[in-house]
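Descriptive analysis of the structure
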Amino acid sequence: MPDSVRPKPHIRRLPPDVVNRIAAGEVVERPAAAVKELVENALDAGATRVAIAIEEGGLKRITIEDDGCGMSAADLLVALERHATSKLAPGADGRVDLLNIHTMGFRGEALPSIASVSRMTLTSRAAGEDAADVFVDAGRIEGPRPAAFTGRGETGTRIEVRDLFHATPARLKFMKGERSETMAVSDVVKRLAMANPAVAFGLESNGRSLFRHAAEPEGEDGQLARLGAIMGRDFRDNAVAIDAEREGARLTGFAGLPTLNRGNAQMQFMFVNGRPVKDRMLNGVIRAAYQDFLARDRHPMAALFVDLDPEYVDVNVHPAKTEVRFRDAGNVRGLMIGALRHSLAAAGHRASTTVAGFALGRAKPEAPMPTGALFQSRPPSGGGYAVPMQRAETYERRDFAEAPSVPYDYSDAPTARVETVQDALQADFPLGVARAQLHETYIVSQTADGIVIVDQHAAHERLVYEDMKRQMGAGGVKRQALLIPDVVEMTEDEAWRVLERADELAEMGLEIEAFGAGAVCVRATPALFGEMDAIGLIRDLADDFAEYDAGLALKERFEEVMGNMACRGSVRAGRRLTGEEMNALLRQMEATPHSGQCNHGRPTYVELKLADVERLFGRR
């Protein structure tokens, strides 16, 4: 169309209902987002009990009841206006400080946005006020009017949202199935429940209770109880406590032992000033802290709580408030990695109880056999000779000393050695005292209340690896200069990210410098690596700095090389050990951090309690 006939555009003000529906598209993308906003309002109102009920994944109905402070009839109308909130107040100078936010919500967009795309009934009662309700149909308000209040307490609010997105039918086409939407709602409520253990939560779907969590007492025990109820009993039993502080930021929470791991990172949670957030830094932090203990495709379980002055964190960077930005992200990241490593080191040789549980689950009693079958002749599995069964009528009782000696071929038979341990040695050691060696691979020790089976190769490999780390930390990383420096071509942004960390990389033996725009020159590499692909390593580091803000590729390369060296230098399976050697290995494991798992997160020992063993044999 020629420019001469093209209509000239005019700037128009949008109607309020259209503005609200646009805002709803940002804030309320699915039922779970609506539930999140409304539950956060309940928490900001001081609720101690929150009950959520949904139908058809929340698209047909969402009901949220709380026992918070409630609202008067006049406040009900104001609450439905855009950008009306009780959580921000101007200071003495008349300005509102958006960097000093202590509440979950603050924008004042949730209620009007949800009401503009649904049919909402809002009922509330404040202290000293009569209950009132307001009905809103796609933005059209009816009320307020007197109402009967049957909430959770004398005060509180009940919000019912029906036919979500009925005013924007196009949005319904993008909704997932009922099951997916229900799972999303459940995930949102669980995260809020984890952040608020002192509040009771309940969730129902289509009349069926999905979960109920009673209020827990304040403190570490109450927090762990709530986390265990949501993340599982295994996490509660195998989590180490975290409590550290650095430059005004405090980190608390719990992290699972390395031997308690999963195939994905869905059981990793982060909370900032009580707000559940999703931050890609979390994945990099946990991966860096556990890189010595887990294979790259395994992920630990953790729930971390960061508390700091609200002025040092910006929560106003995402419409749904699921992301935050730290003023000093490096300080928070260093705090988290240091605290995680310290807590894991404090766990010592401890391994997850799920290892023993798995072993007991695999141990199944044999089917009952006829009594006579126990004495029938049967050749050993390794080949050899067995004494034939004598007929009962010709059997004569003899002393064992008079029994005829029968030749036996031990070459292929399973091996087991029994060590005689003096009573004086039977101290109360955590890993017990060595009693035997099986198949020249596994050490069996006796503890005060059970037995321990140790994989001698995996255990010694971990000990050698930890010793190599100590030596490297004391003596530094030796470098090997390249005769012909490698020049890595990349984008200017990638080169800048790598060169910014040149000092950090130099501490690990990688010497780099700028080589014009968009290029990095590698002059020296860690001597431990020998010949290596320096160009590929630099590119991997650039990706790590962009995604995780950490050079994981180089650290994981160190782990791989030292792990291989530790494997070659450790006690091999098939080596026969003396009793002194076995006990020395057990004592060294007790004194070495992280000795409960090998470099890939597999357990180095399994502990079976005497009660569990007795249960296997029907004694309990």
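The coordinates are above.
The structure presented is a predicted model; accordingly, all values stated were derived computationally and were not measured. (Residues numbered from 1 in each chain as written. Predicted model: local features only at pLDDT ≥ 70, side-chain atom pairs only at ≥ 80, totals over all residues. Heavy atoms only, no water.)

Now for the environment of Val-39. Here Val-39 lies in helix H2 (residues 31–44). Among the residues examined, Val-39 registers a relative accessible area of 0% and is labelled buried. In this structure the C-alpha to C-alpha distance between Val-39 and Val-189, which are 150 residues apart in sequence, comes to 8.0 Å. Sequence-distant contacts of Val-39, that is, excluding residues within four places in its chain, are made with Val-50, Ile-52, Ile-64, Leu-192 and Phe-201. (Helix = DSSP H or I, 4+ residues; strand = E, 2+ residues; numbered from the N terminus. Buried < 20%, exposed > 50% of the residue type's maximum accessible area, 1.4 Å probe, protein only. Contact = heavy atoms within 4.5 Å.)

Taken together, the side chains of Leu-438, Tyr-442 and Ile-453 present a nonpolar region at the surface, about 220 Å² in accessible area. Take Ile-453: it is sitting in strand E21 (residues 450–455). The class of Ile-453 is partly exposed, set by a relative accessible area of 31%. (Patch = residues over 30% accessible without salt bridge, like charges linked within 9 Å, V, L, I, M, F, W, Y side chains within 5 Å. Areas by Shrake-Rupley, 256 points an atom, 1.4 Å probe, with all protein chains shown as cover. Salt bridge = Lys/Arg side-chain N within 4 Å of Asp/Glu carboxyl O.)

This paragraph deals with the side chain of Gln-223. Following the sequence through the fold, Gln-223 ends up in helix H7 (residues 220–231). Beyond its immediate stretch of four places on either side in the chain, Gln-223 contacts Pro-197, Gly-253, Phe-254 and Phe-305.

For the rest of this paragraph, the subject is the pairing of strand E6 (residues 156–162). As a general feature of sheets, a regular strand has side chains that alternate between the two faces. With five of its seven residues buried, E6 lies for the most part within the structure. The sheet contact formed by strand E2 (residues 61–66) and E6 spans six bridges and is antiparallel. Looking at the pairing, Asp-66 lines up with Thr-157 of E6. Judged from the seven bridges that link them, strand E3 (residues 119–125) and E6 form a sheet pairing that is antiparallel. Looking across to E6, one finds that Thr-123 is bridged to Arg-158. (Pairing = 2+ DSSP bridges.)

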